[in-house]
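# Observations on the three-dimensional arrangement
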Amino acid sequence: MSYHLINLIYLASATLFMLGIKFLSSPNTAAKGNYLSMIGMGAAITITLATPGLHGFAMIGAGVAMGAVIGGYAAIKVKMTSMPEMVALFNGCGGAASALVAMAEFRGPGSEFDSFTLIALLLSMIIGGLTFTGSLMAYAKLQGLISTRPITYPAQQFINGIIVLTTLVLASLLFRDPANMPLFLAILALALGLGVLAVIPIGGADMPVIICLLNSYSGLAVSMTGFALRNNALIITGSLVGASGIFLTKIMCDAMNRSLANVLFSAFGKVVESADDTGEGPAGTMKGFEVEDVATILANAGTLIIVPGYGMAAAQAQHATRELGDYLAEQGVEVRYAIHPVAGRMPGHMNVLLAEADVPYDQLFALEDINDDFASTDAVLVIGANDVVNPAAKTNPASPIYGMPVLDVEKATTVIVLKRSMNVGFAGIENELFYMNNTKMLFGDAKSSLQKLLTALKQ
Amino acid sequence: MDIGTIIIGLTIFVLACFAGAELISKVPPTLHTPLMSGSNAISGIAILGALLATGHSESLSSISLIGFLAVIFASINVVGGYLVTRRMLQMFKK
């Protein structure tokens, strides 16, 4: 098997990966794209196994089998609502793999590295390592294993800065003495630590940005491995993933009108919930309504826009949402869904959940496509969304979310908000919407509220 | 590594970044989660390096053990990533 043939197959694989992403431009072709991508991966793996002089097939087989069983089981079992956690975990595995490959290469026979290879290996190990621990932290936050609120301590940025500097200094020392194992392990340990420390001060609602960014890092780590191994398949694929992650990171940041630096360093959402949970707010009192009242409003509405948020995912309420939407549509109500880019815990989170519940995707509208229609809409049903419908983003320059593009739900005739309790939302920001005259609050678990509404409507 | 190889590698990297950005900007927001999990799966391509490290010699060594670990992690990433993407895309396919 010649080196050139292997490289040609790698090129074919990279082409299939790109086609796979191209096919994702439409929901109709997307599934096909995923298969093309799989074929590309299969071909690359197969041809690599045919590399002359490769040994240890038993070990390779065992490793692949173990990984496939673990990954396959997780992928089949995971609930759609837990997709952000799952993606974070898989991403962490990718980072770990890159870091380990760099380590193995480092230990390789005749480890006489030129400086370029050494830089690539070090970057691969550092980026891969921090992607691994950073993703684990993101997973822990999303799962609620550790506090979703930012964890801060004095001089946090200063300490992180020192760690980065130390890593750089140690890395430069390694140039003089590439065989120095303790030095190498120290750099690895610092990278792992940095991943943890960089993610813990970031709040749960900012996890969409972090998952995208870590996704991008895992791609970058792969590219660096590719440089070190002189493997074009790795370079191309890594840069595709890197570009995809950065692109989504930017979309998420823009959707919150915040810079990436602000997301990473500002400990947003650190505000401790105020003791003011009495329902007294800036513009009056929250008006809690009964299921029957809300059902009457829905039954009499000609047009309805449903706005889902993280609360819908948390309550596993996507099926109940669709059942209610379908029933109203049968009764002649025009039902549409408005999806804010940062609703949920990862890009496209709401779309996946609604697709799982069989909501046709042509009923889903992005912020810019539907925002002008709220003014002419009879009723809006907000299901567990908060900051993305907060009018303070438009009216209150003192609000932490001022300037963030939000859905103009308050312009509709009636706004119904399904909310678990009177507590403030994640960012700890009061939401004037809840106190407005045309807003009717329905407190309780989103899923059971929706089911009760449906029962009331059917009577 | 000679400077020519480095420059070719960097050229590929830069061009692929732009190609990637171009392709990805065409993906609609509805498919952003599958895009993440799908691109996540292909980042498991590091498995190629892991395979080569594991099988680099006949005898068991620290390198092949590290490679073995890398194979496990990369396989989780590849298999899990593709399957979960497939599951999601099946739901969109109607």
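Residues numbered from 1 in each chain as written. Chains lettered and ligands numbered in written order. Predicted model: local features only at pLDDT ≥ 70, side-chain atom pairs only at ≥ 80, totals over all residues. Heavy atoms only, no water.

Right, let's talk about the overall build of chain B for a bit. Along its length, chain B carries four helices and zero strands. Going residue by residue from the N terminus, the α and β elements of chain B occur as α-α-α-α. In summary, chain B has a C-alpha radius of gyration of 17 Å against a globular reference of 12 Å for 94 residues, an excess of more than 25%. With respect to the three principal axes, the spread of C-alpha positions in chain B is 50 × 35 × 15 Å. The buried share among the 94 residues of chain B stands at 60%. Of all intrachain contacts in chain B linking residues separated by at least 6 positions in sequence, the fraction that spans at least 24 positions is 62%. (Helix = DSSP H or I, 4+ residues; strand = E, 2+ residues; numbered from the N terminus. Rg over C-alpha atoms; globule rule 2.2 N^0.38 Å. Buried < 20%, exposed > 50% of the residue type's maximum accessible area, 1.4 Å probe, protein only. Contact = heavy atoms within 4.5 Å.)

Attention now moves to the domain arrangement of chain A. Domain boundaries in chain A define domain 1 (1-77), domain 2 (82-265) and domain 3 (282-458). Just the C-alpha atoms count here: the centres of domain 1 of chain A and domain 3 of chain A sit 41 Å apart. (Domains from an automatic or database assignment.)

On to the pattern of salt bridges. Residues and elements named next belong to chain A. Per the counting criterion, the structure on display carries nine salt bridges over all chains. Across the salt bridge formed by R258 and D206, the nearest N and O atoms sit 3.1 Å from each other. With R258 in the loop between α9 (232-255) and α10 (260-265) and D206 in the loop between α7 (181-199) and α8 (207-229), this residue pair connects regions lying 52 residues apart in the sequence. Looking at R258, the relative accessible area reads 10%, which means it is buried. Given the relative accessible area of 2%, D206 is considered buried. (Salt bridge = Lys/Arg side-chain N within 4 Å of Asp/Glu carboxyl O.)

A few words on the sheet that holds strand β6 (residues 379-383) of chain A. Residues and elements named next belong to chain A. Taken in spatial order, the six strands of this open sheet run β5-β4-β3-β6-β7-β8, and their pairing is parallel. Strands at the two margins of the open sheet, each flanked by one partner only, are β5 (364-366) and β8 (439-443). Strand-to-strand twist in this sheet, taken as the mean axis angle between neighbours without regard to direction, amounts to 25°. Where strand β7 (residues 414-419) and β8 come together, five bridges link them in parallel fashion. When the sheet's bridge partners are listed, K419 is paired in β8 with F443. Running over the sheet, helix α14 (residues 349-356) touches β3 (303-308), β4 (334-339) and β5 and is turned about 145° from β4. (Pairing = 2+ DSSP bridges. Axes fitted to C-alpha atoms, helices over the stretch in contact; angles between N-to-C directions.)

Taking 1.5 Å per residue as the helical rise, helix α3 (residues 57-77) of chain A with its 21 residues ought to reach 30 Å, and the 30 Å between its terminal C-alpha atoms agrees with that figure. Within α3(A) the residues assigned to the buried category are M59(A), I60(A), G63(A), G67(A), G71(A), G72(A), A74(A) and A75(A). (Expected span 1.5 Å × (residues − 1).)

Moving on to the confidence of the model for chain B. With 98% of its residues at a pLDDT of 70 or more, chain B shows a mean pLDDT of 91. Here the prediction assigns the complex a pTM of 0.89, and the interface score ipTM is 0.95. (pLDDT = per-residue confidence, 0-100.)

Attention now goes to empty space enclosed by the protein. According to the stated counting rule, one finds three cavities of 30 Å³ or more in the structure shown. Each pocket or cavity is described by its volume, and for the largest cavity that value is around 110 Å³. Around the largest cavity sit 15 residues that line it, and G20(A), L24(A), N34(A), S37(A) and G38(B) are the ones nearest its centre. Sorting elements by how many residues they give to the lining of the largest cavity places helix α2 (residues 32-42) of chain B first, with five residues. Of the residues contributing to the lining of the largest cavity, the split by class is eight nonpolar, seven polar and no charged. (1 Å grid on protein atoms, 1.4 Å probe; cavity = no way out; pocket = protein on both sides within 12 Å on 5 of 7 lines; lining within 4 Å. Points joined across faces, edges and corners; volume = space filled by probe spheres on them. Nonpolar A, V, L, I, M, F, W, Y, C, P; charged D, E, K, R; others polar.)

Here the focus is the side chain of N40(B). Summarising the element assignment, N40(B) is placed in helix α2. Residue N40(B) is classed as buried on the basis of its relative accessible area, which comes to 0%. Here N40(B) is in contact with V87(A), F90(A), N91(A), N215(A) and N77(B), once residues within four sequence places are set aside.

Time to look at the state of the cysteines. Residue and element names in this part refer to chain A. Applying the stated criterion across every chain, the model contains zero disulfides over all chains. Of all cysteine sulfurs in the structure, the one in C212 sits closest to C93, which takes part in no disulfide; the separation is 18 Å. On the basis of relative accessible area, C93 is assigned to the buried category, the value being 11%. The thiol sulfur of C212 is not disulfide-bonded, and the nearest other cysteine sulfur, from C253, lies at 8.6 Å. (Disulfide = S-S within 2.5 Å.)

Residues and elements named next belong to chain A. Relative orientation of the contacting elements α8 and α9 amounts to 160°, with a least axis distance of 7 Å. Relative to α9, the element α8 lies roughly antiparallel. Judged by the twist between their axes, the crossing of α8 over α9 is left-handed. (Parallel < 35°, antiparallel > 145°, perpendicular 65-115°, else oblique. Left-handed = near helix turned anticlockwise from the far one by under 90°.)

Taken N-terminus to C-terminus, the directions of α14(A) and helix α4 (residues 62-92) of chain B make an angle of 65°; their axes are 8 Å apart at the nearest point. α4(B) is crossed by α14(A), and the crossing has left-handed handedness. Residue-level contacts link N351(A), V352(A), A355(A) and E356(A) of α14(A) to M88(B), M91(B) and F92(B) of α4(B). Here the residues of the contact of α14(A) with α4(B) are counted per class, giving five nonpolar, one polar and one charged.

Interfaces are frequently sized by the accessible area removed from exposure as the parts join. Each side of the interface is counted separately: chain A has 97 residues, and chain B has 81 residues. On inspection of chain A and its partner chain B, the count reaches zero salt bridges. Elements with a minimum of two residues in the side of chain A that touches chain B: α1 (3-23), α2 (30-49), α3, α4 (83-106), α5 (115-143), α8, α9 and α14 of chain A. Its residues assigned to classes, the side of chain A that touches chain B comprises 61 nonpolar, 29 polar and seven charged.

Following the criterion strictly, the structure yields four aromatic pairs over all chains and no others. Both rings, one in F132(A) and one in F73(B), keep their centres 5.7 Å apart while their planes meet at 70°; by these two values the pair is edge-to-face. Here F132(A) is found in helix α5, whereas its partner F73(B) is found in helix α4 on a different chain. A relative accessible area of 23% means that F132(A) is categorised as partly exposed. Taken together, the ring pairs in this structure connect F116(A), F227(A) and F13(B) into an aromatic cluster. The aromatic ring of F365(A) is capped on one face by R336(A), whose charged end is 5.3 Å from the ring centroid. In this arrangement the basic side chain of R345(A) is found over the ring face of Y310(A), its NZ or CZ atom lying 3.7 Å from the centre. (Phe/Tyr/Trp six-rings, centres within 6.5 Å; stacked < 30°, edge-to-face > 60°. Lys NZ or Arg CZ within 6 Å of the ring centre and 35° of its normal.)

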